Amino acid sequence: MEHLAEQALRRLQIRCRRPVEHLLAGEYRSVFKGRGMEFEELREYTAGDDVRAIDWRSLARTGRPHIRRYIEEREQNFVLAVDVSASSGFSSGSRAKRDAAQEAAALLAWSAARNKDRVGLLLFTDEPECFIAPAHGRNHVLRVINQLVAFSPSRKGTNLSAALDFIGLTTRKRSIVFLFSDFLCDGYEESLRMLSRRHDVTAVMVRDPAEQRLPAGGLIQLRDAESGRERLVDADAASTLSLEPGERFARVCREADMDHLEIGPQVDCVEALSSYFHNRRRRIIDETGG
């Protein structure tokens, strides 16, 4: 099992290296610039300095004017929150939903690392199961990606609210958060809205094409991958139900004024992320006037 995980990790690294080096890292940098200012030092005032930068407390304490210098806060926290519940293993083809989530998350992790951002990871089911605090460095990013590929969850269910609340409690500094899930659960809306007020959140719906349509006509037996429960449903009567999670997801994201995108086993993750970055950059230009 460990050997298979190592092979999967190696394939993922090879698949991600070229697009990150030649495309996504630059796109990432253009839409996730450091926007804060970080204090660097106090130094003595010299002729020509901006008097508005004088630190009056220091003047009162020492009797000599000093100015406060700041630098742009380039380094940011980047958190990947990935749903690893049983439903993430669904597949109607050669790849499962979790494979698409792993690839997209790895591409983002490498892009953030090349931008010198601190990368963190949360893997969750119906409770947080693995958390790696944001940090720097190639070895750290390799650890993050290795956990993405090799981690085996102990539980099957999904509780998005618990995961979102966990991020809120453990991530105090405003951060970039990418949330990967199929959103096949209820009751997460308020937690998502609360988190998006404090952090720059992008929600990524991971869906298999077979989940968006039911076979035409007749009775079909459905099995819940997380609970194991089975039931017979009328495909004709239930034909619109499979659309509800996606519609609810899009509505919640619009109401929270947050970015979202959709990926899946048959989606080119590089193309999907590149399109997302392009649309986000265009929106930022429209909002700021350049």
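A brief structural summary. (Residues numbered from 1 in each chain as written. Predicted model: local features only at pLDDT ≥ 70, side-chain atom pairs only at ≥ 80, totals over all residues. Heavy atoms only, no water.)

1. Some words on helix α4 (residues 138-150)
Over its 13 residues, α4 runs 18 Å from end to end, which matches the ideal 18 Å to within 8%, given 1.5 Å per residue. Turning to α4, its buried residues number three or more, namely H140, V141, V144, I145, L148 and V149. (Helix = DSSP H or I, 4+ residues; strand = E, 2+ residues; numbered from the N terminus. Expected span 1.5 Å × (residues − 1). Buried < 20%, exposed > 50% of the residue type's maximum accessible area, 1.4 Å probe, protein only.)

2. Here we look at the packing of aromatic side chains
In the structure shown here, the tally under the stated rule is 11 aromatic pairs. Note on Y28 and F32: the rings are 5.0 Å apart at their centroids and 55 degrees apart in plane angle, and the pair reads as tilted. With respect to burial, Y28 and F32 carry one shared label: buried. The interplanar angle of 55 degrees and the centroid separation of 5.4 Å between the aromatic rings of Y276 and F277 together place this pair among those described as tilted. (Phe/Tyr/Trp six-rings, centres within 6.5 Å; stacked < 30°, edge-to-face > 60°.)

3. With respect to the side chain of S161
You can see S161 is positioned in helix α5 (residues 160-170). The contact partners of S161, leaving out residues within four places of it in the chain, are G187, Y188 and S191. (Contact = heavy atoms within 4.5 Å.)

4. Regarding the pattern of salt bridges
Oppositely charged side chains can form a pair if their charged atoms are brought close together. Tallying each qualifying case throughout the model produces 15 salt bridges. For R281, the salt bridge goes to E27, with nearest N and O atoms at 2.6 Å. Separated by 254 residues along the polypeptide, R281 in helix α8 (residues 269-288) and E27 in helix α1 (residues 2-31) bring together distant segments of the chain. Residue classification places E27 among the buried positions, given a relative accessible area of 14%. Close ionic contact of R155 with D126 constitutes a salt bridge, the shortest N to O distance being 2.6 Å. (Salt bridge = Lys/Arg side-chain N within 4 Å of Asp/Glu carboxyl O.)

5. Some remarks on helix α3 (residues 97-114)
Each α-helix turn comprises 3.6 residues. Residues three or four places apart therefore point the same way. In this model α3 runs 26 Å from its N-terminal to its C-terminal C-alpha over 18 residues, within 8% of the 26 Å that 1.5 Å per residue would give. Burial analysis of α3 places 14 of its 18 residues in the buried class, the great majority of the element. Phi turns positive one or two residues past the end of α3, at K116, with a value near 70 degrees.

6. As for the nonpolar core
With 47 residues, the main nonpolar core has F78, L80, V82, F178, F180, I263 and F277 as its most contacted residues. The element best represented in this core is α3, accounting for 10 residues. Dropping the residues within four chain positions of it, L80 is found in contact with A105, L108, A109, G120, L121, L122, V144, F178 and F180. The next biggest cluster of nonpolar side chains, apart from the first, holds 23 residues, and it includes A203, M205, V252 and C253. (Core = buried A, V, L, I, M, F, W, Y, C linked by side-chain atoms within 4.5 Å.)

7. Topic: the sheet that holds strand β4 (residues 118-124)
Working definition: the strands of a sheet are paired by backbone hydrogen bonds and lie parallel or antiparallel to each other. Pairing within the open sheet is mixed, and its 6 strands lie in the order β5-β4-β3-β6-β7-β10. Bordering the open sheet on either side are β5 (128-135) and β10 (259-263), each of which pairs with just one other strand. Recorded for the sheet is a direction-independent mean angle of 15 degrees between the axes of neighbouring strands. Here 6 bridges tie strand β6 (residues 175-181) to strand β7 (residues 200-206), and the two strands are oriented parallel to one another. The residue bridging S181 from the neighbouring strand is M205, located in β7. Its contacts with the sheet put α3 on β3 (77-83), β4, β6, β7 and β10, and the angle it makes with β3 is roughly 175 degrees. (Pairing = 2+ DSSP bridges. Axes fitted to C-alpha atoms, helices over the stretch in contact; angles between N-to-C directions.)

8. Examining unusual backbone geometry
Phi is mostly negative for residues that are not glycine, and the peptide bonds are mostly trans. A positive phi angle, near 55 degrees, is found at F183, a position not held by glycine. Its place among the elements puts F183 in the loop between β6 and α6 (189-198). You can call F183 buried: its relative accessible area is 0%. For D257, which is not glycine, the phi dihedral falls at a positive 55 degrees. Tracing the sequence through the fold places D257 in the loop between α7 (244-255) and β10. The exposure class of D257 is exposed, given its relative accessible area of 73%.

9. Topic: the packing of α3 against α4
Each packed pair of helices is defined by two parameters, the angle between the axes and the distance between the axes. Contact geometry for α3 and α4: axes closest at 10 Å, N-to-C directions at 170 degrees. It follows from the interaxial angle that α3 and α4 lie roughly antiparallel. Here α3 contributes Q102, A105, A106, A109, W110 and A113 to the contact with α4, which in turn contributes R138, V141, L142, I145, L148 and V149. (Parallel < 35°, antiparallel > 145°, perpendicular 65-115°, else oblique.)

10. Re empty space enclosed by the protein
Summed over the entire model, instances satisfying the criterion amount to 1 cavity of 30 Å³ or more. What lines the largest cavity is simply V82, D83, S88, K97, R98, A101, F180, S181, D182 and V206. Among the elements that make up the lining of the largest cavity, the one with the highest residue count is α3 (3 residues). In terms of residue class, the lining of the largest cavity is built from 4 nonpolar, 2 polar and 4 charged. (1 Å grid on protein atoms, 1.4 Å probe; cavity = no way out; pocket = protein on both sides within 12 Å on 5 of 7 lines; lining within 4 Å. Points joined across faces, edges and corners; volume = space filled by probe spheres on them. Nonpolar A, V, L, I, M, F, W, Y, C, P; charged D, E, K, R; others polar.)

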